[in-house]
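So you can see what is in the structure, the chains are spelled out below.
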Amino acid sequence: DHSILRAWLGVPRRMRLQAKPNPDENSVTRRELLDELSRTLQDEPFVLIYGLSKIGKSQFVSALVDHNGWATDYFWYAFAGDAGDLDRLTRHLALWVGERTGRWQLVDDLSKVGLQPSLAFERLGNATISRGCVVLDDCHKATDSVAFELVCSLVSRYWSGCHLVLVSERKLPAAAALG
């Protein structure tokens, strides 16, 4: 058990990032739709995929990640629907950036100093992320639309080679307001 050694050394336990769903053996490959959405993402800063519960939206986006070669360059976050979502999303993005760039200071600052999300996202914008996909799943559960604004701004303004995919059970007025 490493927890005693971690505590003695004062080394915090790193959180684990969420992973995309594993492909379903029984799923139908939708190559034409994957190609069409990939072309759309070349011109649009983000897309919203919405539909009824349990029809395969997340599985489709997981296939999109593989289809576009982002298997090692994606960030996946599923909203839980509670007040802590924005803070968790911020910490997970900081961890993802740390893993991709080797810059861990923001992760440490978030755990110790408690930066406000807007300041943390401003600092996340300083990281160079030139390829990949940010997926926000279960967006209908989000309790704070600020999360969409912050992530959309981050991806469209600072991470030019990155794409944003929102997955929801319904249309999101907050997403429509973003463009």
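None of these values were measured; they are calculated from a predicted model.

K.L.:
Hey, could you run me through the overall build of the chain in this one?
P.N.:
Of the regular secondary structure elements, the chain holds eight helices and four strands. In the chain, the succession of α and β elements from N to C terminus is α-α-β-α-β-α-α-α-β-α-β-α. Seen along its three principal axes, the alpha-carbon backbone of the chain occupies a region of about 55 × 35 × 30 Å. Long-range contacts, defined here as pairs at least 24 residues apart, represent 77% of the contacts in the chain between residues at least 6 apart. Surface exposure of the chain reaches about 10,200 Å², of which carbon and sulfur atoms provide 49%.

K.L.:
Is there a simple way to think about the nonpolar core in this case?
P.N.:
Proteins that are soluble and globular tend to have nonpolar side chains buried together. Within the largest apolar cluster, 36 residues are counted, with the highest numbers of intra-cluster contacts made by Leu93, Val134, Leu136 and Trp159. Going through the elements one at a time, strand 2 (74-78), helix 4 (85-101), helix 5 (105-112), helix 6 (117-124), strand 3 (132-137), helix 7 (146-158) and strand 4 (162-168) are the ones with two or more residues in this core. Leaving out residues up to four positions away in the same chain, Val134 has contacts with Phe75, Trp96, Val151, Val155, Trp159, Cys162, His163, Leu164 and Val165. Of all hydrophobic cores here, the second largest spans 16 residues; its members include Leu41, Val61, Val165 and Val167.

K.L.:
Please explain the pairing of strand 3 as it appears in this structure.
P.N.:
Regular strands place side chains that alternate from one sheet face to the opposite one. Along strand 3, six of the six residues are buried, which leaves the element largely enclosed by surrounding structure. Here strand 3 shows two buried faces, one formed by Gly132, Val134 and Leu136 and the other by Cys133, Val135 and Asp137. Summarising the sheet, strand 2 and strand 3 pair through five bridges and their orientation is parallel. Bridge pairing links Trp76 to Val135 in strand 3. Note: strand 3 against strand 4, five bridges, orientation parallel.

K.L.:
I tried to follow the sheet that holds strand 2 on my own but got confused; where do I start?
P.N.:
Strand-to-strand pairing in sheets goes through backbone hydrogen bonds, with the strands running parallel or antiparallel. Here we have four strands laid out as an open sheet, ordered 1-4-3-2, and parallel in their pairing. Where the open sheet ends on each side, the last strands, each with one partner, are strand 1 (46-50) and strand 2. Averaged over neighbouring strand pairs, the angle between their axes works out to 15 degrees when direction is ignored. On the sheet, helix 3 (residues 57-67) packs against strand 1, strand 2, strand 3 and strand 4 and is oriented at approximately 165 degrees with respect to strand 4. Against the sheet, helix 4 contacts strand 2, strand 3 and strand 4, and its axis sits at roughly 165 degrees relative to strand 2.

K.L.:
Which parts of the structure should I look at to understand the packing of aromatic side chains?
P.N.:
For any two aromatic rings, the description comes down to two numbers: the centre-to-centre distance and the angle of the planes. Scanning all chains against the criterion turns up four aromatic pairs. An aromatic cluster is built from Phe75, Trp96 and Trp159, whose rings are joined through pairwise contacts.

K.L.:
Looking at this structure, how should I read the pattern of salt bridges?
P.N.:
Two side chains carrying opposite charge are able to pair once their charged atoms lie near each other. Per the counting criterion, the structure on display carries seven salt bridges. The salt bridge partner of Arg123 is Asp109, with a shortest N-O separation of 2.8 Å. On the criterion of sequence distance, the pair formed by Arg123 in helix 6 and Asp109 in helix 5 is long-range, its members being 14 residues apart. For Asp109, a relative accessible area of 15% gives the class buried. Overlapping salt bridges, with partners in common, bring together Asp73, Arg100 and Arg131 in one network.

K.L.:
Just checking my understanding: could you explain helix 4 for this structure?
P.N.:
In an α-helix, one turn spans 3.6 residues, which is why side chains three or four residues apart end up on the same side. With 17 residues, helix 4 extends 24 Å from end C-alpha to end C-alpha; this agrees with the ideal 24 Å at 1.5 Å per step. For helix 4, the set of buried residues is Asp85, Leu86, Leu89, Thr90, His92, Leu93, Ala94, Leu95, Trp96, Val97 and Gly98. Considering only its buried residues, helix 4 is in contact with strand 2, helix 5, helix 6, strand 3, helix 7 and strand 4. Backbone geometry just after helix 4 places Gly102 at a positive phi near 80 degrees.

What counts and what doesn't
Residues numbered from 1 in each chain as written. Predicted model: local features only at pLDDT ≥ 70, side-chain atom pairs only at ≥ 80, totals over all residues. Heavy atoms only, no water. Helix = DSSP H or I, 4+ residues; strand = E, 2+ residues; numbered from the N terminus. Contact = heavy atoms within 4.5 Å. Areas by Shrake-Rupley, 256 points an atom, 1.4 Å probe, with all protein chains shown as cover. Core = buried A, V, L, I, M, F, W, Y, C linked by side-chain atoms within 4.5 Å. Buried < 20%, exposed > 50% of the residue type's maximum accessible area, 1.4 Å probe, protein only. Pairing = 2+ DSSP bridges. Axes fitted to C-alpha atoms, helices over the stretch in contact; angles between N-to-C directions. Phe/Tyr/Trp six-rings, centres within 6.5 Å; stacked < 30°, edge-to-face > 60°. Salt bridge = Lys/Arg side-chain N within 4 Å of Asp/Glu carboxyl O. Expected span 1.5 Å × (residues − 1).

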